[in-house]
Amino acid sequence: MLNFALIGAGRIGKMHAEIINANPETNLKFVYDVNKEFASDVANINNAEVVKNPEDAITSFDTNAVLIASATPTHIQFIKMAANAGKAVFCEKPIDLDIDKVNKCKEELKDIKSPIQIGFNRRFDLSHSKAQQARVNKEIGNLEMVIITSRDPAAPGLDYLNAAGGFFRDTTIHDFDLSRFILGDDPIIQVSAFGENLFDENAKIANDFDTAMFILKSKSGVLIHINNSRRAVYGYDQRVEVFGSKGMVISNNQTPNSLERYTSNSTSSKDLIHFFFIERYQQAYRDQFNSFVETIKTNSKPMVTFEDGRKALIIANAAYEAFESKKTVDINYE
Ligand SMILES: NC(=O)c1ccc[n+]([C@@H]2O[C@H](COP(=O)([O-])OP(=O)(O)OC[C@H]3O[C@@H](n4cnc5c(N)ncnc54)[C@H](O)[C@@H]3O)[C@@H](O)[C@H]2O)c1
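Note that the structure is predicted; figures quoted are calculated from it, not measured. (Residues numbered from 1 in each chain as written. Predicted model: local features only at pLDDT ≥ 70, side-chain atom pairs only at ≥ 80, totals over all residues. Heavy atoms only, no water.)

1. What about the nonpolar core?
In this structure, Phe4, Val31, Ile79, Phe168, Phe214 and Leu216 are the most contacted members of the largest nonpolar core, which totals 96 residues. The biggest single contributor to this core is helix α12 (residues 306-325), with 10 residues. (Core = buried A, V, L, I, M, F, W, Y, C linked by side-chain atoms within 4.5 Å. Buried < 20%, exposed > 50% of the residue type's maximum accessible area, 1.4 Å probe, protein only. Helix = DSSP H or I, 4+ residues; strand = E, 2+ residues; numbered from the N terminus.)

Structure, rendered in structure tokens:
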């Protein structure tokens, strides 16, 4: 049995706690959150112990692995603490918002053997990963275009916007990573970016965007289009189109059931698509965790590495540069 320490018991931390205990090979042992009420709630529901400080949870002899789901600016300190204590680490995306801090962490941990996996859950979605496989096995011939639509159902509050670090680094980072995943060893080398405030007052106050579009290009010339919105009145809109010389595959939106209605008013009207990420990517979050457990058990490389997290942040930074300069920007991964 692998014992886990959970750091951060907020929105996504709660979900991870349940996933840890749902796996027969893992057990939630400790929970730490600066908000003691959140920590107690999650610990009580999941039969775990609340600890007063993160060191007690992370460095405990009883802890085998650490799952970091706290606020983004706290990730690096906990990654270092856990990796230096020899624990396997799963850390939510993004690693941090500051690439200098990420590079420094990479350097400091270069000799550490503990696996570190980053929470880019979309790679584990069965439909998205089948779309990626269609590129790998050449089912669609030579890859020419990737189109990703990713729109949230509703804009978050001002507190979230002020803390999250901006649309490109917090949200689009998932799509930058998904693009990298689909392209495999063909690196993304250029980006152009547009961001707008079309409807959300809070995004305006936070000096952030509610709508964005990107065009990226890979070394071999594959073109990638990403579009994001903080509002889609019909639910969490998640679609991926992979187009090549022999055809196309589409990973489409999913509804909680497949019922279609045919009435005197409409034909083929379906139920709403899933509301948001926890419902839409339930299977992906579970499989992501199971993959991390396999990594620990088999002492193998994580499916999503620290370097994947670093590269996605580099693309996000280049996208900001492109937006500000109104020019297409070359991406440098050094
Ligand atoms: N992979 C995904 O799909 C996904 C989805 C949502 C959030 N996230 C990421 O997960 C992280 C948490 O996001 P969330 O939506 O759950 O936010 P949240 O605000 O609901 O939860 C964050 C928690 O961290 C706690 N916290 C803050 N500082 C801390 C510290 N120093 N030590 C311990 N706990 C601390 C807060 O009290 C809070 O309970 C973020 O990095 C976010 O980007 C990933």
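2. Considering the site of the ligand
Around the ligand, a shell composed of 25 residues is seen, among which Ile12, Asp33, Thr72, Glu92 and Tyr285 lie nearest. Gly10 is positioned with one of its backbone polar atoms (N or O) 3.5 Å from an oxygen atom of the ligand. Separating a nitrogen atom of the ligand from a side-chain N or O atom of Asn121 is a distance of 3.2 Å. Protein contact buries 83% of the 840 Å² of open area that the ligand shows by itself. For the shell around the ligand, a count of residues per class yields 11 nonpolar, 9 polar and 5 charged. (Near = heavy atom within 4 Å. Polar contact = N/O pair within 3.5 Å; in protein donor to acceptor, adjacent residues only side chain to side chain. Areas by Shrake-Rupley, 256 points an atom, 1.4 Å probe, with all protein chains shown as cover. Nonpolar A, V, L, I, M, F, W, Y, C, P; charged D, E, K, R; others polar.)

3. Brief notes about the sheet that holds strand β10 (residues 223-229)
The strand order across the open sheet formed by 7 strands is β12-β11-β7-β10-β9-β8-β15, and the pairing between neighbours is mixed. With partners counted over all chains shown, the strands left at the sheet margins are β12 (247-251) and β15 (329-330), one partner each. With 8 bridges joining them, strand β8 (residues 188-196) and strand β9 (residues 211-218) adopt antiparallel strand pairing. Following the sheet pairing, Gln190 is matched in β9 by Lys217. Sitting on the sheet, helix α6 (residues 126-136) touches β7 (143-151), β11 (237-244) and β12, and the angle it makes with β12 is about 165°. (Pairing = 2+ DSSP bridges. Contact = heavy atoms within 4.5 Å. Axes fitted to C-alpha atoms, helices over the stretch in contact; angles between N-to-C directions.)

4. Topic: the packing of aromatic side chains
Scanning all chains against the criterion turns up 12 aromatic pairs. The interplanar angle of 65° and the centroid separation of 4.8 Å between the aromatic rings of Phe209 and Phe323 together place this pair among those described as edge-to-face. One end of the pair, Phe209, is in the loop between α9 (201-205) and β9; the other, Phe323, is in helix α12, and 114 residues separate them in sequence. With centroids separated by 4.7 Å and ring planes inclined at 65°, the aromatic side chains of Phe276 and Phe277 adopt a geometry described as edge-to-face. (Phe/Tyr/Trp six-rings, centres within 6.5 Å; stacked < 30°, edge-to-face > 60°.)

5. Focus on the sheet that holds strand β5 (residues 88-91)
If you walk across this open sheet you meet the 6 strands as β3-β2-β1-β4-β5-β6, and the pairing is parallel. Because the sheet does not close on itself, it has two edges, and the strands there are β3 (49-50) and β6 (116-118). Where β5 and β6 come together, 3 bridges link them in parallel fashion. Of the residues in β6, the one forming a bridge with Val89 is Ile116. Contacts between helix α1 (residues 11-22) and the sheet are confined to β1 (2-7), β2 (26-32), β4 (65-68) and β5, with β2 contributing the most and set at about 150° to the helix.

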